[in-house]
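As a plain string of letters, each chain reads:
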Amino acid sequence: MVTPSKDISTETMSKIAESKDNKYELLYFPFHGVLPALRAMFAMSGANYTFTHPTDWTKEKSATPFGSLPVLYETCPTSGCTLELAELSAIESYLGDKFGWMGDNLWERTQILMYHSSTQAVFDKLVTTVMRAPKENKDRMMGIYLEKIMSEWVETHERALQASGCTGHYVGDKCTLADLKTATTLDNLMAISGDQFISREKTPAIMAVYDAVEKIPKYAAWKASPEWKAYDELNKKLFDF
Ligand SMILES: N[C@@H](CCC(=O)N[C@@H](CS)C(=O)NCC(=O)O)C(=O)O
């Protein structure tokens, strides 16, 4: 684990955050988990980054800000100072700003965060209601999740995307963090629900977002890489999707 720099002013930190040739280390477990969108952002960014994994999480946990992963470490090569940032959504919007995934103006940025938040929430609820349920309750909780929670996400997102013209984008005319979050989360949602709720016939506008992201050459290359496949394999082994 990298040791973050201490006792530097927020002004200095902000200057570090804005400097160009920073080196990033993203610490998370060696499966996709909640990271498909975030790792994809790095893979498409051209930034100097490494994906690292805890070697002994029980010992490393207490050294992270909230006892959970992901944590991003960002080091400025000139000063040697390292910034530390935890919480997935904070990291995604921070890097979204840096790497150009947050639209063209304040309102677009805010709309992107709105859709992103809704999609993050539907995944978080899968974790809290189904994956963390006692074994004997899992099937029942999965039924409730699919019928009540996921189906509402599907219905409301399809409606919003239809209303804006089924363009393959939530906001504006280019791919944003909202699109990337939905596309990566759909891999999980489709794996657990088959075509019961989400399909080209039932949800064409949601699938248009999925297809637009899948067509990005750097995204396709990342999904075809041995690194992505290794994360996928462990994810399937541990969580079945
Ligand atoms: N609120 C955190 C939650 C992250 C989270 O739940 N991380 C899990 C892995 S997906 C974790 O670190 N689990 C290990 C632990 O809690 O000890 C975020 O959004 O980043």
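Per an unreviewed UniProt entry, the recorded name for the protein is Glutathione S-transferase, and the organism is Linnemannia exigua.

Draft legend 1. Up close: the nonpolar core. Of all hydrophobic cores here, the largest spans 61 residues; its most connected members are Leu38, Tyr145, Met150 and Leu180. Filtering out sequence-adjacent residues up to four positions away, Met150 remains in contact with Val122, Tyr145, Leu189, Ile192, Ser193, Phe197 and Ile198. Judged by nonpolar contacts, the second largest core, of five residues, contains Ile16, Ala17, Cys76 and Cys81.

Draft legend 2. Spatial organisation of the site of the ligand. Every residue lining the ligand is accounted for by Tyr28, Phe29, Trp57, Lys61, Gly67, Ser68, Leu69, Pro70, Glu87, Leu88 and Arg132. Lys61 is positioned such that a nitrogen or oxygen atom in its side chain is 2.7 Å from an oxygen atom of the ligand. Taken by itself the ligand offers 510 Å² of open surface, and the protein chains cover 65% of this. Taken together, the residues that form the shell around the ligand break down as six nonpolar, two polar and three charged.

Draft legend 3. Highlighting the pattern of salt bridges. Tallying each qualifying case throughout the model produces 10 salt bridges. For Asp232, the salt bridge is made with Lys236, and the minimal N-O distance between the two is 2.6 Å. Placement of both Asp232 and Lys236 in helix 10 (residues 226-239) is noted, with a separation of four residues, approximately one turn of the helix. We classify Asp232 as buried; its relative accessible area is 16%. The exposure class of Lys236 is partly exposed, given its relative accessible area of 44%. Salt bridges linked by common partners bring Asp187, Glu214 and Lys223 together as one network.

Draft legend 4. View of helix 4 (residues 88-99). Taking 1.5 Å as the rise per residue, helix 4 with 12 residues should run 16 Å; its terminal C-alpha atoms sit 16 Å apart, in good agreement. For helix 4, the set of buried residues is Leu88, Ile91, Glu92, Ser93, Leu95 and Gly96. On its buried face, helix 4 sits against strand 1 (23-27), helix 2 (36-43), strand 3 (71-75), strand 4 (82-86), helix 5 (106-131) and helix 7 (177-193). Two residues or fewer after helix 4 comes Gly100, characterised by a positive phi angle close to 85°.

Draft legend 5. Representation of the side chain of Asn22 within the structure. Positionally, Asn22 belongs in the loop between helix 1 (10-18) and strand 1. Among the polar contacts made by the side chain of Asn22, one reaches the main-chain carbonyl oxygen of Ile16 at a distance of 2.7 Å. One polar contact links Asn22 to Ser19, side chain to side chain, over a distance of 3.0 Å. Apart from the residues lying within four places of it in its own chain, the contact partners of Asn22 are Ile16, Ala17, Asn48, Glu74, Thr75, Cys76, Pro77 and Lys98.

What counts, and where the lines are drawn
- Residues numbered from 1 in each chain as written.
- Predicted model: local features only at pLDDT ≥ 70, side-chain atom pairs only at ≥ 80, totals over all residues.
- Heavy atoms only, no water.
- Core = buried A, V, L, I, M, F, W, Y, C linked by side-chain atoms within 4.5 Å.
- Buried < 20%, exposed > 50% of the residue type's maximum accessible area, 1.4 Å probe, protein only.
- Contact = heavy atoms within 4.5 Å.
- Near = heavy atom within 4 Å.
- Polar contact = N/O pair within 3.5 Å; in protein donor to acceptor, adjacent residues only side chain to side chain.
- Areas by Shrake-Rupley, 256 points an atom, 1.4 Å probe, with all protein chains shown as cover.
- Nonpolar A, V, L, I, M, F, W, Y, C, P; charged D, E, K, R; others polar.
- Salt bridge = Lys/Arg side-chain N within 4 Å of Asp/Glu carboxyl O.
- Helix = DSSP H or I, 4+ residues; strand = E, 2+ residues; numbered from the N terminus.
- Expected span 1.5 Å × (residues − 1).

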